[in-house]
Amino acid sequence: MSDLLISAQGLRKQFRSGNEPVTVFDGLSLDLGRGESLALIGRSGSGKSTLLNVLCGLEWPDAGSLRILGESFEAQSHPHGRAETLWGELRRRRVGVVFQETNLMPALSLLDNVRLRSRLANRDETPCRDWLERLGIGELADRYPDQVSGGQRQRAALAMVFAMQPDLILADEPTGSLDRRTAEEVAEVLFNLQSRHGCGLILATHDTELAERCDRTLDLGHRQAR
Amino acid sequence: MTVFSALTSHYRRHPLQLFALAVMILLATMLWTGVHHLTSQARASLDQSEAAVAERRQVVRADGQPVSVTDFAYLRREGLCVMPWLEVSGPDTGRVVGIDPLAAACFGTDTDAEAPWQGELNGQPFVDISEATGRAGGQASLSLLIDRSESAEPMPAGYRTAPFSVGPDTGELGESFLLNLDALGVLVLLITALLVRSVYLLGLAQRRDSLALLRRFGVPPRRIRRLLVLELSLLALVCILPGVWLGRLLAAMLGDGFGRALEGLFDAPLYAGQGGGWLMPVGIMLAVVLAACLVDFLGPMLRVLLPHEKSRRWWPPALLGAGLGLSTLVESLPALFLGVALVFVAVGLWLPGLIGGFAEARARRTRDPLARWRYRELSVLVRRLALPLVALQFAMAMVLAVQALVTTFESTFDRWLAQRLAADFYIEVPPQADIDPAGAWLAERIPDAGGQWHRVIRGTATLAGGTEGSDTQVDVLAIAPVGPLVTDWRLLEATGDAWPKLAAGNGLMVNEQLARRQALDIGESLTVRLAGQTVELPILAIYPDYGRPAGELLLGAAILPTEFSPTFRSLSVSPGAMSIDGVTSQLRGIWQQEQLTVRDNRSVKALATVIFDQTFLLTRAMTLLTLVLAAAALLLMGWVFFSTRAGYFRLLVVWGMSRGQAARQLTRLSVTLTGLVALLALPLGVWLTWVLVHRINPLAFGWSLPMAVYPGFWLELGVLSLAIGLSIAWLMRRQLLHGNPAPAHANASIGGER
């Protein structure tokens, strides 16, 4: 298997605002290797979240080609049929997604959230509690999301992602709603685990310090890779 | 910007939510107005039809000769208020009744409904008597109707009064049915109130954030509540008027068939259609809307009365106990209705807790985290949609009860008709005529023609020593010969060979009401005084006699003493191969009477069946309409509510489920929800049927219908709940498939509830 997790060429994404097409990005290309981390930066509306959605198959590019974890996808208006099944399989087992909020089911305890995510990924559910322990929230395992702090919720979201043993993690402002100190703690956990498990990481963030911890950054505002 | 405009600004950003609220109020108004209008129209129409066919009095000649215009002129000159009724029938004219409105002017208006001769004579067959005379090429018969108030007065020499009837008297069967319709109308109003209340709460839930913001800006909560009430009242005013109009339109559309049936039956435009005022439905709906909002103000009072959470928990069982106790034990209709209301309130309070408890228990028991999530979502869904779910449960219970009730009424009505109108024709025996030669002739000829007959003698008797130790006067129905016209009656309880023993004079039968009141059982002996003679006879059977609360004994005519003075005598005849004209002609000859009163029971039966079928159809349509509205309310509110939970289903898609799989989770959720509601509606529906049949009817009329439960309806209800659940899932699925792909805002507003 190639060490290249993502290879995207000439991606274009447009929305319609009324009758006017609005281009979010056009001619965008990027690569990501195993164990590598990439920060997507840029002002609000520059297309960071949209690009992450495209990279996990929740949205579809209007043009360009995408090869991700060995599977090739061509541009089309909506993912359906085999492409949708394939994307589903990738997200289920190999691509972990973390959002700024809404990563947990409010009706389930933190432990049950991790178990549910593992079950969907067909992973062993036994180490779920261990993952919560490793993320420092083992004693909160039976609490519900609304009974813990924002930082603890994001740790639980990371526990869910790592419990599924992903090849690639896509994180959209994972520390955006946290205070500075908690954000640093969560980021620490994220980068530690990512480097220990050798999975790829793409991070959309406004936080320049967080972006600088990544191997590379891609400024979508100026489309400039460093 | 004022506080009010800040409050309503929510709807400027979310016009669909405002539309949903408006549609709910409009539909709820339409439903109740439609049901109310149909019920009142059905009542008015049945009243009118009964008035049209109700037994009146006529003046006949004592010598049995038909009355003529000379008799009319003589009686009027004697100062009697009589009116000519000329009935003409022929192949070309059909049935035409000529009446004289001028002569009818002296008739009192003591009946509730308008008599057919009042008002304009623009309908067939009621025409002016001069016109009827012109058409009298076919058979014509003149009758002289007398005003009720004068019928008790002594008649001039040579004349007497006699009953005059043109159709079936449904007795209290129709009244009973209408009382049940009224009870169901109240239930529909309750469901409507629940729907309006749920709409109001939904409006609050949608704007929780905006309201919190206003409070933070220093606006007092009381002012916010007042403004919300004002807002809803304005919205209600705007929606109630078209709702009432639509309800009346709906009632007119549904009632059209009913009206046609009535007109076909009585040949007169009896169905009032668009009559009735607007003020009452508008006023009642406004009151319902305001009550739905103002019930919140009771909250603080309740908290004062019941300060502890624990004491509030005892409310539903306490209400249920009180309701069940009242509805089982009391002997007054208002208290019984209060009991029913209490049971419904208790069940309504309990439903969310019951389903929530079930979901929580299942969630705890299962090891599958996906199933656990589904049960927990179910629990949230039940809490958020509690009111429309309760409304749906009530509507389902009502449908069950009405289906069972209507089916019971239908079969009862069929049996009632079969019992009352067993023979094809009914011939009244003139007062002075000797019934025996007529009986001998019928006994000789009718069986040979493959027909059946019996004579009926009615009178009164006295039962010695009833339950209260005193003598009781009862009606007597004596029949001879005892043949298939009666032996096909359904008996509630009977000894072996009841009919042969009755024919042989070795016993008697009692009607259900007498058996109930005197606590009589088969096999017991009754001491009966008939025309001064005392006989002791065993009870052979108890027969149903729906709609007739008086006690009655059925005897073989042979045991009547010769001194027995009948109040009425008739012959019931199914002539078989013979023509009824041949029979009546022979009887006229035997009795030397020019005119006989003959009623065609077949046409009476057919017409009565048509009118009742239409009434039953309407009732079913109304209840189904209620169910459709309750389902639509759940659909609409489920759709609005789901917009706050859709994020979690999208999370499943993010975690690798296909949208189809996530939608299937949604379908399982909604079908489980509606299925559980249907399951809980089942006992409530059966209980409501029991109350209507065994409590309300006996209390109101002193008699009871047989109660039947129809498991087929339960199955239908199951299918219906499945259809509602699938519809909700389909609507929500559209949101899931077409919405934002990422669950970015699922925690906003109330979406984070667990």
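Everything numeric here is computed off the predicted structure, so don't read it as measured data.

## A word on the overall build of chain B
So, step 1. Tallying secondary structure elements over chain B gives 24 helices and 16 strands in all.
So, step 2. With 754 residues in all, chain B has 43% of them scored as buried.

## Quick look at the overall build of chain A
So, step 1. When helices and strands are counted, chain A shows 7 helices and 10 strands.
So, step 2. Over its C-alpha atoms chain A spans a radius of gyration of 17 Å, differing by no more than 12% from the 17 Å that the globule rule assigns to 226 residues.
So, step 3. For chain A, the residues scored as buried account for 51% of the 226 residues in total.
So, step 4. Long-range pairs, those at least 24 residues apart, make up 68% of the contacts in chain A between residues at least 6 apart in sequence.

## Re helix α3 (residues 110–120) of chain A
So, step 1. With 10 of its 11 residues buried, α3(A) lies for the most part within the structure.
So, step 2. Listed in full, the buried residues belonging to α3(A) are A:Leu110, A:Leu111, A:Asp112, A:Asn113, A:Val114, A:Arg115, A:Leu116, A:Arg117, A:Ser118 and A:Leu120.
So, step 3. In this structure, the buried side of α3(A) is in contact with α2 (81–93), α4 (128–134) and α5 (150–163) of chain A together with α15 (369–384) of chain B.
So, step 4. One or two residues past the end of α3(A) sits A:Asn122, with phi positive at roughly 60 degrees.

## Observations regarding the interface of chain B and chain A
So, step 1. Each side of the interface is counted separately: chain B has 24 residues, and chain A has 26 residues.
So, step 2. At the level of elements, α15 and α22 (601–654) of chain B are the ones that each hand at least two residues to the side of chain B that touches chain A.
So, step 3. In terms of residue count, the dominant contributor to the side of chain B that touches chain A is α15(B) (7 residues).
So, step 4. Of the residues belonging to the side of chain B that touches chain A, the class tally is 14 nonpolar, 5 polar and 5 charged.

## A short note on the sheet that holds strand β4 (residues 63–68) of chain A
All names here are of chain A.
So, step 1. The sheet built from 4 strands is open, its strands ordered β2-β1-β4-β5 with antiparallel pairing. Each having just a single partner strand, β2 (20–33) and β5 (71–74) make up the two edges of the open sheet. Taking each pair of neighbouring strands and ignoring which way they run, the sheet shows an average axis angle of 20 degrees.
So, step 2. As paired elements, strand β1 (residues 4–17) and β4 share 5 bridges and run antiparallel to each other. Looking at the pairing, Gln9 lines up with Ser65 of β4.

## Re the packing of helix α14 (residues 333–365) of chain B against α15(B)
Axes are the key here: two packed helices are described by the angle between their axes and the distance separating the axes.
All names here are of chain B.
So, step 1. One way to put it is that α14 packs onto α15 with a least axis distance of 8 Å and a crossing angle of 165 degrees. Regarding the angle of α14 to α15, the classification is roughly antiparallel. Once α14 is placed against α15, the crossing between them reads as left-handed. Where α14 approaches α15, its residues Pro352, Ile355, Gly356, Ala359, Glu360, Arg362 and Ala363 are matched on the opposing element by Arg372, Tyr375, Arg376, Leu378, Ser379, Val382 and Arg383.

## Quick word on α5(A)
All names here are of chain A.
So, step 1. Look at α5: 20 Å from first C-alpha to last across 14 residues, which is about the 20 Å you get at 1.5 Å a residue.
So, step 2. Of all 14 residues in α5, 13 are buried, a share of seventy percent or more.
So, step 3. Of the residues one or two after α5, Gln165 is the one with positive phi, at around 50 degrees.

## Topic: the nonpolar core
Residues and elements named next belong to chain B.
So, step 1. Ile25, Ala391 and Met396 are the most contacted members of the largest nonpolar core, which totals 194 residues.
So, step 2. With near-sequence residues (within four places) excluded, Ile25 lies in contact with Val196, Val199, Leu235, Ala236, Cys239, Ile240, Gly243 and Val289.
So, step 3. Core analysis: the second largest hydrophobic core is formed by 49 residues, Val474, Ala478, Val528 and Tyr543 among them.

## Here's the deal with the packing of helix α17 (residues 435–445) of chain B against helix α21 (residues 580–591) of chain B
All names here are of chain B.
So, step 1. Relative orientation of the contacting elements α17 and α21 amounts to 145 degrees, with a least axis distance of 9 Å. Between α17 and α21 lies a crossing of right-handed hand. Contacts from Pro437, Ala438 and Trp441 in α17 reach Gln586, Leu587, Ile590 and Trp591 in α21.
So, step 2. Classifying every residue of the contact of α17 with α21 gives 6 nonpolar, 1 polar and no charged.

## What to know about the confidence of the model for chain B
All names here are of chain B.
So, step 1. For chain B, the mean per-residue pLDDT works out to 78, and 80% of the residues sit at or above 70.
So, step 2. Per-residue pLDDT stays below 50 along residues 119–125; that stretch engages in 13 contacts with residues further than four places along the chain or on separate chains.
So, step 3. Note on residues 167–171: pLDDT under 50 across the span, and 14 contacts to partners over four residues away in sequence or across chains.
So, step 4. Both scores are given for the predicted complex: the pTM is 0.71, the ipTM 0.89.

## Some words on the environment of B:Arg77
Residues and elements named next belong to chain B.
So, step 1. Looking at where Arg77 falls in the secondary structure, it is placed in helix α3 (residues 69–77).
So, step 2. Take Arg77: there are 9 C-beta atoms within 10 Å of it, and that puts it in the exposed class.
So, step 3. Placed 307 residues apart in sequence, Arg77 and Arg384 show a C-alpha to C-alpha distance of 78 Å.

## Points about unusual backbone geometry
Residue and element names in this part refer to chain B.
So, step 1. Ala480 connects to Pro481 through a cis peptide bond whose omega is -5 degrees.
So, step 2. Along the polypeptide, Pro481 turns up in the loop between β9 (472–480) and α18 (484–487).
So, step 3. The phi angle at Ala519 is positive, at roughly 50 degrees, despite the residue not being glycine.
So, step 4. In this fold, Ala519 is placed in the loop between α20 (512–518) and β12 (525–530).

## Details of the pairing of β1(A)
Residues and elements named next belong to chain A.
So, step 1. In the sheet, β1 pairs with β2 via 10 bridges, with the strands oriented antiparallel. Its bridge partner lying in β2, Ser17 is registered against Glu20.
So, step 2. Between β1 and the antiparallel strand that follows it, β2, lie 2 residues; Gly18 among them carries a positive phi value of about 70 degrees.

## Structural notes on the environment of B:Leu421
Residues and elements named next belong to chain B.
So, step 1. Residue position: Leu421 is located in the loop between α16 (386–420) and β7 (425–428).
So, step 2. A residue is classified by how many C-beta atoms lie within 10 Å of it, and Leu421, with 19 of them, is partly exposed.
So, step 3. Note: C-alpha distance between Leu421 and Lys605 (184 residues apart in sequence) is 7.1 Å.
So, step 4. Not counting chain neighbours up to four residues away, the residues in contact with Leu421 comprise Asn601, Val604 and Lys605.

Cut-offs and rules
Residues numbered from 1 in each chain as written. Chains lettered and ligands numbered in written order. Predicted model: local features only at pLDDT ≥ 70, side-chain atom pairs only at ≥ 80, totals over all residues. Helix = DSSP H or I, 4+ residues; strand = E, 2+ residues; numbered from the N terminus. Buried ≥ 20, exposed ≤ 12 C-beta atoms within 10 Å, placed from the backbone. Rg over C-alpha atoms; globule rule 2.2 N^0.38 Å. Contact = placed C-beta atoms within 7 Å. Nonpolar A, V, L, I, M, F, W, Y, C, P; charged D, E, K, R; others polar. Pairing = 2+ DSSP bridges. Axes fitted to C-alpha atoms, helices over the stretch in contact; angles between N-to-C directions. Parallel < 35°, antiparallel > 145°, perpendicular 65-115°, else oblique. Left-handed = near helix turned anticlockwise from the far one by under 90°. Expected span 1.5 Å × (residues − 1). Core = buried A, V, L, I, M, F, W, Y, C linked by C-beta atoms within 7 Å. pLDDT = per-residue confidence, 0-100.

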